[in-house]
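# Fold and geometry: a report
Here is how the chains run, residue by residue.
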Amino acid sequence: MSVEHVDVLIVGAGLSGIGAASHLQDECPGRTFTILEARDAIGGTWDLFRYPGVRSDSDMFTLGYSFRPWKQAKSIADGPSIRSYVRATAAERGITEKIRFHHKVVRADWSSADARWLVDAERTDTGEVVRLSCDFLFSCSGYYNYDQGYTPDFPGVDDFAGEIVHPQFWPEDLDYTGKRVVVIGSGATAVTLVPSMAEKAAKVTMLQRSPSYLLTLPSTDWLADKIIGRLPDSFVYPAVRWQNVAKAMLAYNVSQRAPEFAKKLLRKGVVAQLPDGFDVDKHFSPAYKPWDQRMCFVPDGDFFRAVRDGKADIATDTIDTFTRTGIRLSSGEELPADIVVTATGLNLLGIGGVQLTLDGEPVELGKTIAYKGMMLSGVPNFALTVGYTNASWTLKADLVAHYVCRLLNHLDRHGYRVCTPRAPATDELVPLIDLKSGYVKRSAHLLPKQGPVAPWRLYQNYVRDRIMLRHGSLADAGMRFSRAPLRKPAAVS
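Residues numbered from 1 in each chain as written. Predicted model: local features only at pLDDT ≥ 70, side-chain atom pairs only at ≥ 80, totals over all residues. Heavy atoms only, no water.

## A word on the packing of aromatic side chains
- By the definition in use, this model includes 21 aromatic pairs.
- Taking the centre distance of 5.5 Å and the plane angle of 50° together, the rings of Trp242 and Tyr462 count as tilted. Here Trp242, found in helix H7 (residues 233-257), pairs with Tyr462, found in helix H13 (residues 462-471); they are 220 residues apart in sequence, far enough to count as distant.
- Residues Tyr388 and Tyr462 carry aromatic rings whose centres are separated by 6.5 Å and whose planes lie at 85° to one another, so their mutual orientation is edge-to-face. Highlighted residues: Tyr388 in the loop between strand E23 (382-384) and helix H11 (393-414) and Tyr462 in helix H13, separated in sequence by 74 residues.
- Since its relative accessible area comes to 6%, Tyr388 is described here as buried.
- Given the relative accessible area of 6%, Tyr462 is considered buried.
- One aromatic cluster is present, formed by Phe49, Tyr51, Tyr144 and Tyr146 through successive ring pairs. (Phe/Tyr/Trp six-rings, centres within 6.5 Å; stacked < 30°, edge-to-face > 60°. Helix = DSSP H or I, 4+ residues; strand = E, 2+ residues; numbered from the N terminus. Buried < 20%, exposed > 50% of the residue type's maximum accessible area, 1.4 Å probe, protein only.)

Okay, structure coming up:
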């Protein structure tokens, strides 16, 4: 089998992968790279999810790229607009032609003797196995399984006469006009689906086992609306971006340090948008602290408007069983349904399910420790992108891509070939993703861990990370550099 070599191999052509390629072109112009994408399109999450109303859960001035700012005042964008934005970025920067679609990376073995990765990708269209080698492997494939969503084993599902749909695999021809719909879940997907489907459905009920925190935000950024077109772009976009970074950091820190105060503010905001007498404590009072799970944003209060107008309602209960005509709850109440949408979450999957080996020895992802939230202890010349849980994904993705470029340039300047994070001597380890959401709890043991202090600890703080990743030292105690391949000792006969 012939083996093609590139300097950097990027896995995934979504928001992170296109951003990583852009940074490489700008900051490491002498490096060759290729992007391998398992699907047949650019966009990742924003191409996969096609359910009604799909939209960003972060403002576009921080979800957009720093090098190609979002230029509309509307800051909460719909999925098709985000998909178009990512594709336009790839086209404008000449990245599209460097993507190989239908290439699913399944294995990557690091050769210490050759100081490079040998990567196997399966062609999802032909079944052929393609092999490439690279000096640096950059995983931009997110942390969830694109092939499977999460749906609990509900009793009585086979008895249900209607249609059951998971948002991750929305049927193009699903007609819910005039139908009774039950959306199971209380996260961002459910909160998005309910008002969108309520426009056509006879009635939409959000069935939640427990509530989530909801916060109404305007879909149009007030500062952007005032200054776009009136002041120079060089001022406008950094100003709006930093305004939104500051607001997000303030909200997160207040929630962490004064959770009871944050709860009161959030409750007050909900009460103001619901009819008198609505049972707010039952349906909108989570048992956890704000930001222990990701906040659900409601653009322009559309979710609450659907409830006020009687087009949607909420049931907070557990499921006893599906019936032929709906869902019977533990309380005995039955929710009639023609369509049930299981907005019940994701299945986590680290680095796209790629099997990493070092000289043939498997890497157990759950036993590695994340260095600066983007590299793995003991794994050479490898980086992965994991965005923030309390802010937009791209803020962190931009920093990670810039750091990888700094690292590659450092290797070149000093004649190094290998950079390997060295695990800290500590047993104080916690999951890399610090949310208490169900989808994280189910699979956190499969993901890398983080240690007690930097550079092995994530602080979910953009300003702190910006200082460390853009300006901090590359040669710290956590990183080992090598000028020559690290050859294994000869076997003793």
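There is more to say, and it comes next.
## Quick look at the sheet that holds strand E14 (residues 319-322)
- The strand order E14-E15-E16 describes an open sheet built from three strands, whose pairing is antiparallel. With partners counted over all chains shown, the strands left at the sheet margins are E14 and strand E16 (334-336), one partner each. Direction aside, neighbouring strands of the sheet carry axes that sit 20° apart on average.
- Sheet topology note: the strand E15 (residues 326-329)/E16 ladder contains three bridges and is antiparallel. (Pairing = 2+ DSSP bridges. Axes fitted to C-alpha atoms, helices over the stretch in contact; angles between N-to-C directions.)

## Some points on the nonpolar core
- If you look at the biggest cluster of nonpolar residues, it comprises 136 residues, and the most contacted ones within it are Ile10, Ile18, Trp117, Leu137, Phe138, Phe303 and Leu356.
- The greatest single-element share of this core, amounting to twelve residues, is contributed by H11.
- The contacts of Phe138, once residues within four sequence positions are left out, are Val8, Leu9, Ile10, Val11, Ala20, Ala383, Thr385, Val400, Ala401 and Val404.
- Ranked by size, the runner-up nonpolar core spans 13 residues in total, among them Phe160, Val182, Leu207 and Ala315. (Core = buried A, V, L, I, M, F, W, Y, C linked by side-chain atoms within 4.5 Å. Contact = heavy atoms within 4.5 Å.)

## Regarding the pairing of strand E5 (residues 116-123)
- Pairing of strand E4 (residues 103-111) with E5, which is carried by eight bridges, proceeds in the antiparallel orientation. Its bridge partner lying in E5, Trp110 is registered against Trp117.
- Once E4 ends, the chain turns through four residues before running back antiparallel as E5, passing Ala115 with a positive phi of about 55°.

## Focus: helix H8 (residues 259-271)
- With 13 residues, H8 extends 18 Å from end C-alpha to end C-alpha; this agrees with the ideal 18 Å at 1.5 Å per step.
- Along H8, the residues that are buried comprise Pro259, Ala262, Leu266 and Val270. Each buried residue of H8 sits inside an arc of 75° when the element is viewed along its axis, so together they form one side. Exposed positions of H8 whose direction lies more than 90 degrees from the buried face are Lys264 and Lys268.
- As for H8, its buried residues are in contact with strand E11 (214-217), H7, helix H9 (280-283) and helix H10 (302-308). (Expected span 1.5 Å × (residues − 1). Arc of directions from axis to C-beta.)

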